[in-house]
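# Remarks on the overall topology
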Amino acid sequence: AQSVAQPEDQVNVAEGNPLTVKCTYSVSGNPYLFWYVQYPNRGLQFLLKYITGDNLVKGSYGFEAEFNKSQTSFHLKKPSALVSDSALYFCAVRDINTDKLIFGTGTRLQVFP
Amino acid sequence: NAGVTQTPKFRVLKTGQSMTLLCAQDMNHEYMYWYRQDPGMGLRLIHYSVGEGTTAKGEVPDGYNVSRLKKQNFLLGLESAAPSQTSVYFCASHKGPVGTEAFFGQGTRLTVV
């Protein structure tokens, strides 16, 4: 079965510093990977996705993600963090055999001024 | 264009009561999902649907039933609510298979006492 893992419950970073939120995946076949963000008391919002092509994917709000097939990772990154980036971030994978959309456990990003 | 709308937004139930959560989308999406979100456990898939008239079980289907009689609506039913079903429930939809991103509702906070 397809799955994703987010090894960090929380990531703390100072404003202006680069940030990384980690995600590793386990899939059979080609991976279809997504990042979503959840602000307090809101639903999830799509940030970016990897389907095929370039390993560096750019998304909303200045976020990007690097797909690494050899390390089975899809880490979310941003060159310079903002306090407003503080939120809960979810990695997800599409299981193409069952059409399920499977999420990781989430990583809380806290950006300090 | 309302996107994905969940009804109700909040509900308190007594153990053993029943209720139905409604998810409505106006984007003509084929795929619809119901998740529950619990602290430390991320989003867990309850049931999903790949088209009108179809439903399938997710990771945590016990205690829930669903129906997709109309393409735009996906109903989640609790026949006999239990305290373990206290959670925040999210509905999501997307247009097609594989690489399309999902859109989420605002969530329903359910408390079972």
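Since we're looking at a predicted model, the values are computed, not measured.

Turning our attention to the overall build of chain B. A tally of helices and strands in chain B yields zero helices and 11 strands. Seen in sequence order, chain B has helices and strands lined up from the N terminus as β-β-β-β-β-β-β-β-β-β-β. Its C-alpha atoms give chain B principal-axis dimensions of roughly 40 × 30 × 25 Å. Entry remark: accessible area of chain B is about 5,200 Å², with carbon and sulfur atoms responsible for 55%. Of the charged side chains in chain B, 11 are positive and 8 negative, and the gap between their average positions amounts to 7 Å.

Moving on to the state of the cysteines. Residues and elements named next belong to chain A. By the definition in use, this model includes two disulfides over all chains. Each sulfur of the disulfide joining C23 and C91 lies 2.0 Å from the other. Given an S-S torsion of about -65°, the disulfide between C23 and C91 has left-handed geometry. With C23 in the loop between β3 (19-21) and β4 (24-26) and C91 in strand β10 (residues 87-94), the pair connects residues that are 68 residues apart, well separated along the chain. In this structure, C23 and C91 share a single accessibility class: buried.

Roughly 660 Å³ of volume is contained in the largest pocket. Around the largest pocket, the lining is made up of 30 residues, and of these A:Q38, A:L88, B:Q37, B:V88 and B:R109 lie nearest the centre. Broken down by secondary-structure element, the contributors of at least two residues to the lining of the largest pocket are β10 and β12 (107-112) of chain A together with β4 (31-38), β9 (87-94) and β11 (108-112) of chain B. Within the lining of the largest pocket, the residues separate by chemical class into 10 nonpolar, 14 polar and six charged.

This part takes up the interface of chain B and chain A. Of the residues lining the interface, 27 residues belong to chain B; the matching set on chain A comes to 22 residues. Across the chain B/chain A interface, buried area totals approximately 1,800 Å², and carbon plus sulfur atoms make up 52% of it. Linking chain B with chain A are two salt bridges, by the criterion used here. Between A:K100 and B:E59 there is a salt bridge, with its nearest N and O atoms 3.3 Å apart. For the interface between chain B and chain A, the tally reads nine residue pairs in polar contact (both at pLDDT 80 or more). Sorting the residues of the side of chain B that touches chain A by element identifies β4, β5 (42-49) and β9 of chain B as the ones contributing at least two each. Its residues assigned to classes, the side of chain B that touches chain A comprises 13 nonpolar, 10 polar and four charged.

With that settled, consider the sheet that holds strand β7 (residues 64-67) of chain B. Residue and element names in this part refer to chain B. Taken in spatial order, the four strands of this open sheet run β1-β3-β8-β7, and their pairing is antiparallel. Each edge of the sheet is formed by a strand with only one pairing partner; in this case those strands are β1 (4-7) and β7. Pairs of neighbouring strands in the sheet enclose a mean axial angle of 20°, with direction left out of account. As defined by bridge partners, β7 adjoins strand β8 (residues 73-78) across four bridges and the pair is classed as antiparallel. Paired with Y64 across the two strands is L78, which belongs to β8.

Moving on: the packing of aromatic side chains. All told, the structure shown has 15 aromatic pairs over all chains when counted by the stated rule. Note on A:F63 and A:Y89: the rings are 5.5 Å apart at their centroids and 45° apart in plane angle, and the pair reads as tilted. In this pair, A:F63 sits in the loop between β7 (56-58) and β8 (64-68) while A:Y89 sits in strand β10, placing the two residues 26 residues apart along the sequence. Grouping residues by exposure puts A:F63 and A:Y89 together as buried. Between A:F103 and B:F104, the aromatic rings sit 5.8 Å apart at their centres with planes inclined by 80°, giving edge-to-face as the arrangement. On the criterion of chain membership, the pair formed by A:F103 in strand β11 (residues 101-103) and B:F104 in strand β10 (residues 103-104) is interchain, its members lying in two chains. Pair check on accessibility: A:F103 and B:F104 agree, each one buried. Put simply, the rings of A:F34, A:Y36, A:F46, A:F90, A:F103, B:Y33, B:Y35, B:Y48 and B:F104 touch in pairs and so form one group of aromatic residues.

About the criteria used
- Residues numbered from 1 in each chain as written.
- Chains lettered and ligands numbered in written order.
- Predicted model: local features only at pLDDT ≥ 70, side-chain atom pairs only at ≥ 80, totals over all residues.
- Heavy atoms only, no water.
- Helix = DSSP H or I, 4+ residues; strand = E, 2+ residues; numbered from the N terminus.
- Areas by Shrake-Rupley, 256 points an atom, 1.4 Å probe, with all protein chains shown as cover.
- Lys, Arg positive; Asp, Glu negative; His and termini not counted.
- Charge placed at Lys NZ, Arg CZ, Asp CG, Glu CD.
- Disulfide = S-S within 2.5 Å.
- Buried < 20%, exposed > 50% of the residue type's maximum accessible area, 1.4 Å probe, protein only.
- 1 Å grid on protein atoms, 1.4 Å probe; cavity = no way out; pocket = protein on both sides within 12 Å on 5 of 7 lines; lining within 4 Å.
- Points joined across faces, edges and corners; volume = space filled by probe spheres on them.
- Nonpolar A, V, L, I, M, F, W, Y, C, P; charged D, E, K, R; others polar.
- Contact = heavy atoms within 4.5 Å.
- Buried area = accessible area lost by both parts, 1.4 Å probe.
- Salt bridge = Lys/Arg side-chain N within 4 Å of Asp/Glu carboxyl O.
- Polar contact = N/O pair within 3.5 Å; in protein donor to acceptor, adjacent residues only side chain to side chain.
- Pairing = 2+ DSSP bridges.
- Axes fitted to C-alpha atoms, helices over the stretch in contact; angles between N-to-C directions.
- Phe/Tyr/Trp six-rings, centres within 6.5 Å; stacked < 30°, edge-to-face > 60°.

These results come straight from atomic positions and should not be treated as a statement about function.
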